[in-house]
Amino acid sequence: MSGRETVLASIRRGLGRGPLGDAARRALDERQGATDSAPLLPKLPKGPLQQVFRAGLEKVSGTMSEVAKLDEVPGAVAGYLAGHGLGPEAAVAPSLESLDWSGAGIQASFGPTRGGDYAGVSLAWRGVAENGSLVLLSGPENPTSLNFLPDHHIVVLHGKDLVAHLEPVWGALRERGEKGWPRTVNVITGPSRTADIELTIQLGAHGPRSLHVLLVD
Amino acid sequence: MESLSHAFKERSVHALKDETLQVALNRAKDGFAVKRAKAVEGLPEFDALRDRAVAIKNHTLENLDHYLERYADAVERNGGKVHWASSAEDARRIVVEICRAAGAKMITKGKSMVGEEVGVNGALEGAGFEVVETDLGEYIIQLAHEPPSHIIVPAVHKTRGQIADLFHENHQKYGLTRKLSEVPEMVNEARQVLRSKYLEADVGITGANFLIAESGTSVIVTNEGNGDLTCSLPRVHIVTAGIEKVVPTAEDATTLLRLLARSATGQDLTTYTTFSTGPKRADDTDGPEEYHVVLVDSGRSTMLADQFREMLRCIRCGACMNHCPVYGAIGGHAYGWVYPGPMGSVLTPLSVGLKEAGNLPNACTLNGHCAEVCPVRIPLPDLLRTLRHREYQLKLGLKPLRWGLAAWVWFTSHPRIYRLGTRVQARMLATLAGRKGRFTRMPLAGGWFKGGRDLPAPQGETFMAVWTRRRKERGQ
Amino acid sequence: MSATGSETTTDRPIEHPRVGLFVTCLADIYRPNVGLAAVALLEKVGCSVEVPQTQTCCGQPSYNNGDLAGAARTARNTIEAFEDFDYVVVPSGSCAGMLHDYPRLFESEPGWQQRARAMAGKTHELISFLTDVRGLDAVDASFARAVTYHDSCHGLRALGIKEQPRRLLASVGGLELRELNDSEICCGFGGTFCVKYPEISGRMVADKADAIAATGAKVVLGGDLGCLLNIAGRLGREGGGVSVYHVAEVLAGMADVPGLGDPPGSGGRSR
């Protein structure tokens, strides 16, 4: 018997029954999640989603600024780097390659990083107001390494991509059809932190020390 | 992992006398409970979400074979490979084989309790691999050659000074020779050392907080980002997960996520919630080339058969130990195996046997605080009591206690003799205590006094005697 | 820990209910004054109190040490003694909780389980019975002392007793309640736990004593004699002059005797 069959047989012994029939399995597949009902979505504080998102982000030590158009992103990034005493260099996601980075005085490299970059710039697929979270999908356009290796992580988020809860994100992923789930979906809520030494919170454990959102709206 | 649970009594007494440990435990004591209470207060739907979580877990467990098959098929569709481990031994062998086949030298690990349970590190080191834990807490205890003392804060028993010593001793080989004293510089130094390990590693091993059946996705939550570096930089990613981790959909996982961090650390959500689905795609520029999942049974399927199925709802948040006064007094190591506190006191005897770990379910006052805070409403005190019942039936407990109980039951089911006996006892104890009103010692009752307390003396007459006399006086 | 039989048998209040007092083995042997206080309080709320002479122990020592058959034997004795009353009242959250758990002992004896369930449905802890069933919200007693209150775990978590004793204490003349930090943390008694793991239990009760000292109150009240014996034992060892009473003694105006473990003849604290 294969490992799979051994474990499954043992589970069925524990459950006191044999394998489920096709009809029963189909019925399970047709359920809307385990409870076969719409998810229970917590009520969010009153106010526009952007405001709720910002409050969530700031609660976890993230920061946010707004730009009116996507074209303004390189300039805003240049301002952020200068403001943090960093040189005008950044590892940028290929999804943002078409912007005029050199025009803003930034030496941008496009693609994954191996850790030599102080700043990484990515594009979020969705923002979630509930906790001020960013949802990033991996792919050639958005390498995952940019989210974790640089000290400063700057994330571009379109206002139209802001949703109230995580659940609609899963719905939207299913609608991607063939492409379905990417290798990685990163839900990021604030900069890296640890409390492993004497329960003292320290930012920048292994990932970015700071997280900045550029909201394009 | 080998169990030391048989030595619980000695280890707990030792822990109570360990002053450094007591300093660390006192620091942790209120922090978690206060933070959790605040986080729960901030989410009015918390209790309703708990009910949902219970329903999600119960339904999935009832159909566990179905959802695991759906999960495994989805993983393979995405280009990953699923390995089924019936036992801890199977799991160790499978992980070692994957690493060998990958030609690995260096392996990084994200925190995985099931990894600790089956003893992955020992097996890999035995097979000649270099294994580096990357969660800061796990890294610290790896340097100290200790098991975790808490399931979410593995080094909670260590003080800053002890950690500084460990770093000083172990980081010199990297040219880091200065002795540190402040938390930020220690975190930075660990970051620096571990950064090179992530980039060097051939294989990254993580656990999973949830497995999503519909998409074949494994979910991990971390605050440090170590889990992400572990699963995205090396060539091979191995996920080790208990079979009970599966849920049908991403929405189901999201409901559980709303409870997990709040119950664990009092955060609304951890910093990084990462959903991994298979190896890198054809056009991806980063990510692992191989994605393996090791599904571990190791006794879990047996728990499906009875009351202990409820324990399989556990999402490993640690709230039960954070609120357990016994854990708070002795810390996690005294329990002697991987899982400490109330959840560990249920799981350990089921895994290593009641003969080995019979003390654990008994070392509990049944105060119920753990069940009150459990996000998936596991009736931990009831399960502990059931284990005591098993122990009693197997005649494993202390003999004098059995005899005492038998005598007490006989006594309590013979009311007339009971009345007489209690009268004599109350009168005698009151007389013996004399004008002091309490005892500072007493033969055969050493246990009570060993707890550093006196025993108040009875008032003298039993209530029943007073009552009977009164009724006579009133002529009733 | 769960209230298995929480259905009440009576929808409308009975004017003069017949109440069976389950005094508990600890009150019977150690603190008859608690039983007398319970009787006095019950009579004040219009109950006719009876004390079955065949009652013994609730069975917790057996139940919590895995001897379910032994616990069932003790439980049968309790059921036979009490099942005919309108209510069964217990001056202990822990023992009342045990009576609520009786139906679990008779999974294979439907007849007995039925009787256990019926009795559990009309069993109450004393203080919550006074407030929740009999509508009492003030007592006629005075106790001019600063006191603190320990919430015993079983009463608190299995029966939801938290606000009721505080409501009644607020009506006691001259009494000042100073809330105890960690009042919901177990004192370390835990029945046989305290003798099986005396070192751990000792640490827990020492922490409790520290919290009590921090309030500055010289009197500790609670609703369960097991916990109170443990706390009084520790406080006595420390010799800090803190007295321990069951809350019923204060509410009935009967705390005019030495506290638990205080020297006999050391007199009433107040009246």
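Just so you know, these numbers come straight off a predicted model, no measurement behind them.

A.B. asks: Whenever I open this one, the environment of Ala253(B) confuses me. Can you help?
C.D. replies: All names here are of chain B. Locating alanine 253 in the fold gives a position in helix α12 (residues 250-264). Under the relative-accessibility criterion, alanine 253 is labelled buried at 0%. Remark: the alpha-carbon pair of alanine 253 and cysteine 317, spanning 64 residues in sequence, is separated by 14 Å. Other than its neighbours up to four places away in sequence, alanine 253 contacts Phe210, Ile212 and Val247.

A.B. asks: How do you make sense of the interface of chain B and chain C when you look at a structure like this?
C.D. replies: A common way to state how big an interface is: give the accessible area lost once the parts meet. Counting residues at the interface gives 71 residues for chain B and 75 residues for chain C. A combined buried area of about 6200 Å² lies between chain B and chain C, and 59% of that area is made up of carbon and sulfur atoms. Scanning the region where chain B abuts chain C turns up five salt bridges. Arg157(C) serves as the salt-bridge partner of Glu372(B), at 3.1 Å between the closest nitrogen and oxygen. Linking chain B to chain C there are 34 residue pairs in polar contact (both at pLDDT 80 or more).

A.B. asks: Which parts of the structure should I look at to understand the interface of chain B and chain A?
C.D. replies: Facing the 99 residues of chain B at the interface are 76 residues of chain A. Considering only the side of chain B, the residues that lose the most area to chain A are Asp65(B), Trp84(B) and Arg191(B), jointly responsible for 10% of the buried surface there. The tally of links between chain B and chain A comes to 15 salt bridges. For the salt bridge of Arg160(B) with Glu198(A), the shortest nitrogen-to-oxygen distance reads 3.1 Å. There are 50 residue pairs in polar contact (both at pLDDT 80 or more) connecting chain B and chain A. The element contributing the most residues to the side of chain B that touches chain A is helix α10 (residues 183-200) of chain B, with 10 residues. The residue makeup of the side of chain B that touches chain A, split by class, is 43 nonpolar, 28 polar and 28 charged. One ladder, built from five bridges, connects strand β9 (residues 184-188) of chain A with strand β9 (residues 272-276) of chain B; its direction is antiparallel. Across the sheet, the residue bridging to Asn186(A) is Thr274(B), located in β9(B).

A.B. asks: Explain the pattern of salt bridges here, please?
C.D. replies: Oppositely charged side chains can pair when the atoms bearing their charge come close. Evaluated as defined, the whole model comprises 59 salt bridges over all chains. Close ionic contact of Lys179(B) with Asp165(B) constitutes a salt bridge, the shortest N to O distance being 2.8 Å. On the criterion of sequence distance, the pair formed by Lys179(B) in the loop between α9 (160-171) and α10 and Asp165(B) in helix α9 is long-range, its members being 14 residues apart. The class of Asp165(B) is partly exposed, set by a relative accessible area of 39%. Of the charged contacts, one joins Arg237(C) and Asp454(B) as a salt bridge, the two residues approaching to 2.6 Å between their closest N and O atoms. Note that Arg237(C) is positioned in helix α12 (residues 225-238) and Asp454(B) in the loop between α23 (446-450) and β12 (455-456), a pairing that runs across two chains. Look at the salt bridges and you will find they share partners, linking Arg4(A), Arg12(A), Arg17(A), Arg25(A), Asp65(B), Glu69(B) and Asp73(B) into a network.

A.B. asks: How should the sheet that holds strand β10 (residues 290-296) of chain B be read in this particular structure?
C.D. replies: The strands making up a sheet are joined through hydrogen bonds of the backbone, oriented either antiparallel or parallel. Residue and element names in this part refer to chain B. On the basis of which strands lie adjacent, the open sheet formed by six strands has the order β1-β10-β7-β4-β2-β3 and parallel pairing. Of all strands in the sheet, those with a lone pairing partner are β1 (81-85) and β3 (130-133), marking the two edges. Pairs of neighbouring strands in the sheet enclose a mean axial angle of 20 degrees, with direction left out of account. Sheet topology note: the strand β2 (residues 106-109)/strand β4 (residues 203-206) ladder contains three bridges and is parallel. Residue pairing for β4: threonine 108 is matched across the bridge by glycine 204. Docked against the sheet, helix α4 (residues 64-77) engages β1 and β10, running at close to 145 degrees with respect to β1.

A.B. asks: How should the domain arrangement of chain B be read in this particular structure?
C.D. replies: According to the domain assignment, chain B contains domain 1 (43-301) and domain 2 (400-473). For domain 1 of chain B versus domain 2 of chain B, the distance between C-alpha centres works out to 55 Å.

A.B. asks: Looking at this structure, I do not really get the arrangement of the chains. What am I missing?
C.D. replies: In this assembly two pairs of chains touch, with chains A and B having more contacts than any other pair. Looking at chain A next to chain C, you find no contact at all, with the nearest C-alpha pair sitting 21 Å apart.

A.B. asks: Is there a simple way to explain the state of the cysteines in this structure?
C.D. replies: Two cysteines whose sulfur atoms are joined by a covalent bond form what is called a disulfide. Residue and element names in this part refer to chain C. Throughout the structure, instances matching the rule amount to zero disulfides over all chains. As a non-bridged cysteine, cysteine 186 has cysteine 153 as the owner of its nearest cysteine sulfur, 4.3 Å distant. Cysteine 186 sits in the buried class, given a relative accessible area of 7%. With no disulfide of its own, cysteine 194 lies 8.7 Å from the sulfur of cysteine 187, the closest cysteine sulfur.

A.B. asks: What should I look at first to understand the sheet that holds strand β6 (residues 176-177) of chain C in this one?
C.D. replies: All names here are of chain C. Strand order in the open sheet formed by four strands is β6-β5-β7-β8, and the pairing between neighbours is parallel. In this open sheet, the two edge strands, each paired with only one partner strand, are β6 and β8 (243-246). Here strand β7 (residues 219-222) pairs with β8 via four bridges, running parallel. Bridging from a neighbouring strand, leucine 221 pairs with tyrosine 245 of β8. Sitting on the sheet, α12 is in contact with β5 (146-150), β7 and β8, with an inclination near 175 degrees to β8.

A.B. asks: For this particular structure, what's the right way to read the side chain of Glu244(B)?
C.D. replies: With respect to the helices and strands, the residue Glu244(B) is situated in the loop between β7 (236-242) and β8 (246-247). If near-sequence neighbours (up to four positions away) are discounted, Glu244(B) is found in contact with Lys57(B), Leu61(B), Arg300(B), Leu312(B) and Arg316(B).

A.B. asks: Looking at this structure, I do not really get the packing of aromatic side chains. What am I missing?
C.D. replies: Working definition: an aromatic ring pair is given by the centre-to-centre distance plus the angle between the planes. Residue and element names in this part refer to chain B. Evaluated as defined, the whole model comprises 19 aromatic pairs over all chains. Their ring planes at 55 degrees and their centres at 6.0 Å tell us that tyrosine 139 and phenylalanine 167 sit as a pair that is tilted. Of this pair, tyrosine 139 sits in helix α8 (residues 136-143) while phenylalanine 167 sits in helix α9; the two residues are 28 residues apart in sequence, bridging distant segments of the chain. Like tyrosine 139, the residue phenylalanine 167 is buried in the burial classification.

A.B. asks: In this structure, what is going on with the side chain of Ser232(B)? I would like to understand it.
C.D. replies: With respect to the helices, strands and loops of the structure, Ser232(B) is situated in helix α11 (residues 226-232). A distance of 2.5 Å separates a polar side-chain atom of Ser232(B) from the backbone oxygen of Asp228(B).

A.B. asks: Before we go on, may I ask you to explain the packing of helix α1 (residues 8-17) of chain B against helix α11 (residues 198-215) of chain C in this structure?
C.D. replies: Two elements in contact, α1(B) and α11(C), have axes separated by 9 Å at closest approach and are oriented at 35 degrees. Across the interface between the two elements, Phe8(B), Ser12(B), Val13(B) and Leu16(B) from α1(B) touch Glu199(C), Ile200(C) and Arg203(C) from α11(C). Its residues assigned to classes, the contact of α1(B) with α11(C) comprises four nonpolar, one polar and two charged.

A.B. asks: Could you clarify how one ought to interpret the pairing of strand β3 (residues 87-90) of chain C in this entry?
C.D. replies: A regular strand carries its side chains on alternate faces of the sheet. Residues and elements named next belong to chain C. Of the two faces of β3, the one lined by Tyr87 and Val89 and the one lined by Val88 and Val90 are each fully buried. Here strand β1 (residues 18-21) runs beside β3; their pairing, made up of three bridges, is parallel. Residue leucine 21 lies in a different strand from β3, and its bridge partner there is valine 89.

A.B. asks: Help me understand the environment of Asn147(A) in this model?
C.D. replies: Residues and elements named next belong to chain A. With respect to the element layout, asparagine 147 can be found in helix α5 (residues 145-148). Since its relative accessible area comes to 4%, asparagine 147 is described here as buried. With 68 residues separating them along the chain, asparagine 147 and leucine 215 place their C-alpha atoms 17 Å apart. The residues contacting asparagine 147, other than those within four sequence positions of it, are Ser122, Leu136, His153, Asn186, Ile188 and Pro208.

Here is what the cut-offs are and how they apply
- Residues numbered from 1 in each chain as written.
- Chains lettered and ligands numbered in written order.
- Predicted model: local features only at pLDDT ≥ 70, side-chain atom pairs only at ≥ 80, totals over all residues.
- Heavy atoms only, no water.
- Helix = DSSP H or I, 4+ residues; strand = E, 2+ residues; numbered from the N terminus.
- Buried < 20%, exposed > 50% of the residue type's maximum accessible area, 1.4 Å probe, protein only.
- Contact = heavy atoms within 4.5 Å.
- Buried area = accessible area lost by both parts, 1.4 Å probe.
- Salt bridge = Lys/Arg side-chain N within 4 Å of Asp/Glu carboxyl O.
- Polar contact = N/O pair within 3.5 Å; in protein donor to acceptor, adjacent residues only side chain to side chain.
- Nonpolar A, V, L, I, M, F, W, Y, C, P; charged D, E, K, R; others polar.
- Pairing = 2+ DSSP bridges.
- Axes fitted to C-alpha atoms, helices over the stretch in contact; angles between N-to-C directions.
- Domains from an automatic or database assignment.
- Disulfide = S-S within 2.5 Å.
- Phe/Tyr/Trp six-rings, centres within 6.5 Å; stacked < 30°, edge-to-face > 60°.

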